[in-house]
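# Structural overview
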Amino acid sequence: MAQNKVQQEKARLDKFLCDALGVTRREATILIKRAEVTVDGAICKVASVKVTSESVVEWQDRKLEMRGPRYIMLFKPDGFVCSHEDGFNQTALALIDEVKKEDLHFAGRLDVDTTGLVLITDDGKWSHRITSPKHKCEKTYRVLLADAIGDDYAEKLAQGIELRNERELTAPAKLEVVDASNNEVLLTITEGKYHQVKRMFAALGNKVDELHRERIGNIVLDDTLEPGECRYLTQEEIDSVW
Ligand code: URA
């Protein structure tokens, strides 16, 4: 994956090394004290020195790039969980090749058996725009239902559904029938309640057999990605969320 280069304000040299190399602050300090790091061609032994994206920082003859926030699109396959740890299933983070994964989080989770678009980032303000119901960011799911699509579904979903153990109705959702003979629909919602799509169809007396997320806001799952593959978002995709 080619990393987005971001013009960034100043950072301490040790913090810069942590981000660029995925080392701890202590390990970064050791590299600096051992005189292994140069800044603009000169050895620098001071961890607190400020560097910018214009500074040339090198370690072992490798030029290190200042890393900006990360924004990743993953095609989540079935059987992976959207959390850092799980006692049973593999975490979707195992599918991405990144340093400092502990800094990353999911901008909206999918159930273990749901496939499709997952966004992963270390920018909390950006992901809040996606996950906060206040911002009404649309998420579109392709759904295969067990039973026939009711004639009244579109209207009921648009009006809001009463979910078990929820006080408020769901926000208006859009239903589009893709293939009635196959019970296949697209559902667009603006919230992200626990098992929301499955619970919405359960409330209508149906059952979700397969669930796949295709879109979050203006970001569409890249059709060149295979299940388990990822790529960095383009600047246009990142900006579309703000
Ligand atoms: N709704 C669900 O029920 N499951 C998901 O994974 C996503 C939305």
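Remember, predicted model here, so these are calculated numbers, not experimental data.

Taken together, the residues surrounding the ligand are Leu-110, Asp-111, Thr-114, Tyr-141, His-195, Gln-196, Val-197, Lys-198 and Leu-211. Asp-111 places a side-chain nitrogen or oxygen 2.7 Å from a nitrogen atom of the ligand. Here an oxygen atom of the ligand sits 3.0 Å away from a polar atom, N or O, in the main chain of Lys-198. Calculation on the ligand without its partners gives an accessible area of 230 Å², and the protein chains cover 96% of this total. Here the element with the most residues in the shell around the ligand is helix α5 (residues 196–203); it accounts for three residues. Broken down by class, the residue content of the shell around the ligand amounts to four nonpolar, three polar and two charged.

Let's shift gears to the nonpolar core. Within the largest apolar cluster, 33 residues are counted, with the highest numbers of intra-cluster contacts made by Ile-120, Val-143, Leu-157, Leu-187, Val-197 and Phe-201. Of all the secondary-structure elements, those providing two or more residues to this core are β7 (71–76), β11 (115–121), β12 (139–145), α4 (153–159), β14 (184–189), α5, β15 (208–216) and β17 (230–232). Contacts of Leu-187, omitting those with residues within four sequence positions, involve Lys-139, Thr-140, Tyr-141, Val-143, Leu-157, Ala-173, Lys-174, Leu-175, Val-197, Met-200 and Phe-201. Of all hydrophobic cores here, the second largest spans 19 residues; its members include Leu-13, Ile-32, Ala-47 and Trp-59.

Time to look at the sheet that holds strand β3 (residues 42–43). The four strands lie next to each other as β3-β2-β5-β6, forming an open sheet whose pairing is antiparallel. At either margin of the open sheet sits one strand with a lone partner, and together these are β3 and β6 (62–64). Of the pairings in the sheet, the one linking strand β2 (residues 37–39) to β3 comprises two bridges and is antiparallel in character. In the strand pairing of β3, Val-39 is matched with Ala-42. Where helix α1 (residues 13–21) meets the sheet, its contacts fall on β2, β5 (57–59) and β6, and the angle it forms with β6 comes to roughly 105°.

Before going further, it helps to examine the UniProt feature "domain: RNA-binding S4" (unreviewed entry) in the protein chain. UniProt's feature table lists "domain: RNA-binding S4" (unreviewed entry) at residues 12–57, given in the numbering used throughout. Helix makes up 39% of residues 12–57 and strand 20%, with an end-to-end C-alpha separation of 12 Å.

In this section: the UniProt feature "domain: Pseudouridine synthase RsuA/RluA-like" (unreviewed entry) in the protein chain. According to UniProt, the "domain: Pseudouridine synthase RsuA/RluA-like" (unreviewed entry) feature falls on residues 71–203. Helix makes up 17% of residues 71–203 and strand 29%. Its end C-alpha atoms lie 35 Å apart.

Attention shifts here to the packing of α1 against helix α2 (residues 25–33). Two elements in contact, α1 and α2, have axes whose closest approach is 9 Å; the angle formed by their N-to-C orientations is 110°. If you check the angle between α1 and α2, you find them roughly perpendicular. Between α1 and α2 lies a crossing of right-handed hand. Facing Leu-13, Asp-14, Lys-15, Leu-17, Cys-18 and Leu-21 of α1, the residues of α2 in contact are Arg-25, Ala-28, Leu-31 and Ile-32. Class assignment for the residues of the contact of α1 with α2 results in seven nonpolar, no polar and three charged.

Turning to unusual backbone geometry, a few remarks are in order. A positive phi is found at Lys-136, a non-glycine position, where the angle reads about 50°. Although it is not a glycine, Asn-183 adopts a positive phi angle of roughly 55°.

Before going further, it helps to examine the side chain of Thr-38. With respect to the element layout, Thr-38 can be found in strand β2. If we skip the residues at most four places from it in the chain, Thr-38 touches Ile-43, Cys-44, Val-56, Val-57 and Glu-58.

When the domains of the protein chain are assigned, the result is domain 1 (11–64) and domain 2 (71–240). Taking the mean C-alpha position of each, domain 1 and domain 2 sit 39 Å from one another.

A pair can form between side chains of opposite charge whenever their charged atoms are brought close. All told, the structure shown has 18 salt bridges when counted by the stated rule. Of the charged contacts, one joins Glu-138 and Lys-174 as a salt bridge, the two residues approaching to 3.2 Å between their closest N and O atoms. One end of the pair, Glu-138, is in the loop between α3 (124–131) and β12; the other, Lys-174, is in strand β13 (residues 174–179), with 36 residues separating them in the sequence. Taking the relative accessible area as the measure of exposure, Glu-138 reaches 25% and is therefore partly exposed. For Glu-237, the salt bridge identified is with Arg-231, shortest N-O distance 2.9 Å. With relative accessibility at 14%, the residue Glu-237 sits in the buried group. In this structure, a network of salt bridges that share partners links the residues Arg-12, Asp-14 and Arg-25.

Conventions used here
- Residues numbered from 1 in each chain as written.
- Predicted model: local features only at pLDDT ≥ 70, side-chain atom pairs only at ≥ 80, totals over all residues.
- Heavy atoms only, no water.
- Near = heavy atom within 4 Å.
- Polar contact = N/O pair within 3.5 Å; in protein donor to acceptor, adjacent residues only side chain to side chain.
- Areas by Shrake-Rupley, 256 points an atom, 1.4 Å probe, with all protein chains shown as cover.
- Helix = DSSP H or I, 4+ residues; strand = E, 2+ residues; numbered from the N terminus.
- Nonpolar A, V, L, I, M, F, W, Y, C, P; charged D, E, K, R; others polar.
- Core = buried A, V, L, I, M, F, W, Y, C linked by side-chain atoms within 4.5 Å.
- Buried < 20%, exposed > 50% of the residue type's maximum accessible area, 1.4 Å probe, protein only.
- Contact = heavy atoms within 4.5 Å.
- Pairing = 2+ DSSP bridges.
- Axes fitted to C-alpha atoms, helices over the stretch in contact; angles between N-to-C directions.
- UniProt positions renumbered as here; feature names shortened; annotations may be inferred.
- Parallel < 35°, antiparallel > 145°, perpendicular 65-115°, else oblique.
- Left-handed = near helix turned anticlockwise from the far one by under 90°.
- Domains from an automatic or database assignment.
- Salt bridge = Lys/Arg side-chain N within 4 Å of Asp/Glu carboxyl O.

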